[in-house]
Amino acid sequence: MGVVILLVMAAGVALMLTRRLPTAFALALLAVAIAFLAGAPFTGKNSVLDTVLQEGAPALAATMIAIILGSWLGKLLDETGIAGTLVRKIVEFGGDRPTVVALGVLAVSALVGTVTGSAPAAMLAGIIGIPAMIAVGVPKVTAAGTVLMGIAVGIPFELPLWQFFSTALELPIPTVRGFMVKLFPFALAAALAFVLVETRRRGTEHAWSLKAVDSPGSSGAKPRSRRAELGDAPWYALLAPAVPLVLALGFELAIIPSLLAGVLYALVTTTRPSGMNKRLLRTLYGGFEVAAPPLVLFISIGILLAAVKLPGAVDALEPLVKAVSPHNPVVFVLVFTLLVPLCLYRGPLNVFGLGAGIAGVLIATGIYPAVAVLGMATSYNQVFGVADPTSTQTVWSAQYAGVSPQQVMVRTLPYVWAVALGGLCVTAATYL
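Keep in mind it's a predicted model, so treat the numbers as computed, not measured. (Residues numbered from 1 in each chain as written. Predicted model: local features only at pLDDT ≥ 70, side-chain atom pairs only at ≥ 80, totals over all residues. Heavy atoms only, no water.)

### Quick word on the overall build of the protein chain
Argument step 1. In terms of regular secondary structure, the protein chain is built from 20 helices and zero strands.
Argument step 2. Against the 2.2 N^0.38 benchmark of 22 Å for 432 residues, the protein chain shows a C-alpha radius of gyration of 22 Å, consistent with a compact globule.
Argument step 3. In the protein chain, buried positions account for 55% of the 432 residues.
Argument step 4. Restricting to contacts in the protein chain with at least 6 residues of sequence separation, those with at least 24 account for 79%.
Argument step 5. Each charge sign in the protein chain was given a centre, from 26 positive and 18 negative side chains, and these centres are 7 Å apart. (Helix = DSSP H or I, 4+ residues; strand = E, 2+ residues; numbered from the N terminus. Rg over C-alpha atoms; globule rule 2.2 N^0.38 Å. Buried < 20%, exposed > 50% of the residue type's maximum accessible area, 1.4 Å probe, protein only. Contact = heavy atoms within 4.5 Å. Lys, Arg positive; Asp, Glu negative; His and termini not counted. Charge placed at Lys NZ, Arg CZ, Asp CG, Glu CD.)

### Things to note about the packing of helix α8 (residues 140-154) against helix α10 (residues 173-201)
Argument step 1. Closest axis-to-axis distance for the α8/α10 pair is 9 Å, and the angle between their directions is 165 degrees. Taken together, the axes of α8 and α10 are roughly antiparallel relative to one another. Considering the relative orientation of α8 and α10, their crossing is left-handed. Taking contact as the criterion, the partners of T142, G145, T146, M149, A152 and V153 in α8 are, on α10, F184, A187, L188, A190, A191, F194, V195, E198 and T199.
Argument step 2. Residue classes in the contact of α8 with α10 are distributed as 10 nonpolar, four polar and one charged. (Axes fitted to C-alpha atoms, helices over the stretch in contact; angles between N-to-C directions. Parallel < 35°, antiparallel > 145°, perpendicular 65-115°, else oblique. Left-handed = near helix turned anticlockwise from the far one by under 90°. Nonpolar A, V, L, I, M, F, W, Y, C, P; charged D, E, K, R; others polar.)

### A word on the state of the cysteines
Argument step 1. Overall, the coordinates contain zero disulfides when judged by the stated rule.
Argument step 2. Between C343, a free cysteine, and C425, which holds the nearest cysteine sulfur, the sulfur-to-sulfur gap is 16 Å. (Disulfide = S-S within 2.5 Å.)

### Digging into the confidence of the model for the protein chain
Argument step 1. On average, residues of the protein chain carry a pLDDT of 87, and 93% of them reach 70 or more.
Argument step 2. For residues 208-226, every residue scores under 50 in pLDDT, and the model assigns this stretch 22 contacts once sequence neighbours within four places are set aside. (pLDDT = per-residue confidence, 0-100.)

### Describing empty space enclosed by the protein
Argument step 1. Evaluation of the coordinates by the stated rule reveals two cavities of 30 Å³ or more.
Argument step 2. When its volume is computed, the largest cavity comes out at roughly 100 Å³.
Argument step 3. Of all the elements in the fold, those that place two or more residues in the lining of the largest cavity are α17 (354-364) and α18 (370-387).
Argument step 4. Of the residues in the lining of the largest cavity, the class split is nine nonpolar, one polar and no charged.
Argument step 5. Space inside the second largest cavity adds up to approximately 50 Å³.
Argument step 6. In terms of lining residues, the second largest cavity is bounded by F164, F165, A168, L169, L305, V351, A356, A359 and A377.
Argument step 7. Those elements that provide at least two residues to the lining of the second largest cavity are α9 (159-168) and α17.
Argument step 8. Looking at the lining of the second largest cavity element by element, the count peaks at three residues for α9. (1 Å grid on protein atoms, 1.4 Å probe; cavity = no way out; pocket = protein on both sides within 12 Å on 5 of 7 lines; lining within 4 Å. Points joined across faces, edges and corners; volume = space filled by probe spheres on them.)

### Focus on the packing of aromatic side chains
Any aromatic ring pair is given by two values, namely how distant the centres are and how the planes are angled relative to each other.
Argument step 1. The full count for this structure, using the stated rule, is 14 aromatic pairs.
Argument step 2. Centre to centre, the rings of W235 and Y236 are 5.5 Å apart; their planes meet at 80 degrees, and the pair counts as edge-to-face.
Argument step 3. With relative accessibility at 66%, the residue W235 sits in the exposed group.
Argument step 4. Judged by relative accessible area, which is 36%, Y236 ranks as partly exposed. (Phe/Tyr/Trp six-rings, centres within 6.5 Å; stacked < 30°, edge-to-face > 60°.)

### Notes on the nonpolar core
Argument step 1. F164, F165 and I301 are the most contacted members of the largest nonpolar core, which has 146 residues in total.
Argument step 2. Looking at which element gives the most residues to this core, the answer is α18, with 12 residues.
Argument step 3. Sequence-distant contacts of F165, that is, excluding residues within four places in its chain, are made with E170, V176, M180, V351, L374, A377 and T378. (Core = buried A, V, L, I, M, F, W, Y, C linked by side-chain atoms within 4.5 Å.)

### Observations regarding the pattern of salt bridges
Argument step 1. In the structure shown here, the tally under the stated rule is six salt bridges.
Argument step 2. With a closest N to O distance of 3.6 Å, E252 and R177 form a salt bridge. Linking E252 in the loop between α12 (242-250) and α13 (255-268) with R177 in helix α10, this pair joins segments that are 75 residues apart in sequence.
Argument step 3. The partner of R411 in a salt bridge is E198, and the shortest N-O contact between them spans 3.5 Å. A residue pair is termed long-range when its members are at least 10 positions apart, and R411 in helix α20 (residues 405-431) and E198 in helix α10 qualify at 213 residues.
Argument step 4. Residue class for R411 comes out buried when judged on its relative accessible area of 16%.
Argument step 5. Accessibility expressed as a relative area gives 2% for E198, which makes it buried.
Argument step 6. Here the salt bridges share partners, and the residues they tie into one network are E79, R279 and R282. (Salt bridge = Lys/Arg side-chain N within 4 Å of Asp/Glu carboxyl O.)

Right, here's the structure in full:
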């Protein structure tokens, strides 16, 4: 029966790769199929309806709340001009020096990446950052890759992601936080290497420039301050993206209160009291729109995790998975480093797809400790978040820069592959 379950998983991957079904729908159908194959009854204990669907759907509720709050804060950063101001300040500081401008956009992307992931993070940093980089001569592929590599630097400190791994792998937040801190230096080193190498190796390519801002008196209107002209946020408001991170990492405050504090700080430092109510509601509703796709995905992931943890599924898969899972630390690193491409194109090791189910199997069968699975999953996520041509942030960044997602993948993959190697080395040395 274990072989049949693996074949069904392979069919699920095929449906996702060929886009016959959206990932969320494919995962839910796959979970139901696995449950029936594992001999689960229709209702009752360890059943399809009561365990897989009823208990699995809200299993990642804490993660979904964190996603909503992160999206809410992201909308506030956009509407209040905080993100745009950060990028403009960096561009002004860099002047016409391509590498300096790219490093500045990288820093802003990393900061935004700690708040929210996926396309919203790319847009917050890239709407101004990408054309600014291209204007000073940064090649288009490098400009798109810089935003993505920057987001990857922020991913180890993305609070909703901490909550996801904590809930999905049943690990305490301090354990997740501890490994993420260890993963951060690899992400930072790879991102800096990408900018320094690619901006120099490819030379300068002037393609477009930012739209010029009219001077205050050009239309005959009353001159306004430069901040009012450009819509800059006050300097103290620019600390908003760092507030949740400081509270969660520095003071070890819980994730949801930390994100709420960031929302309130961004609101209070940019909005008059008379306008707070409307802005709060408007950005909250906008945050729900941004969060809707990942919320649906996390519902399906919860359902899949419930299915692969059923006793029948564990008994069927345990001997097969044990037979192919390396335990020698060196072999572990070599094998799983070579398997890195399987997290691309929504492949079987993508943690926001079937990879979540595989992680659940590895833990439920006791093949690897949960912390080792955490190391594998987070290492692969660094690759998926940058180089996967089907991920929304990669598609948006590439298209906005005027290149294809595949070009971005080819250029960034060696760097994020090295990040995954570093994460797997730490995993093997620490947990195996």
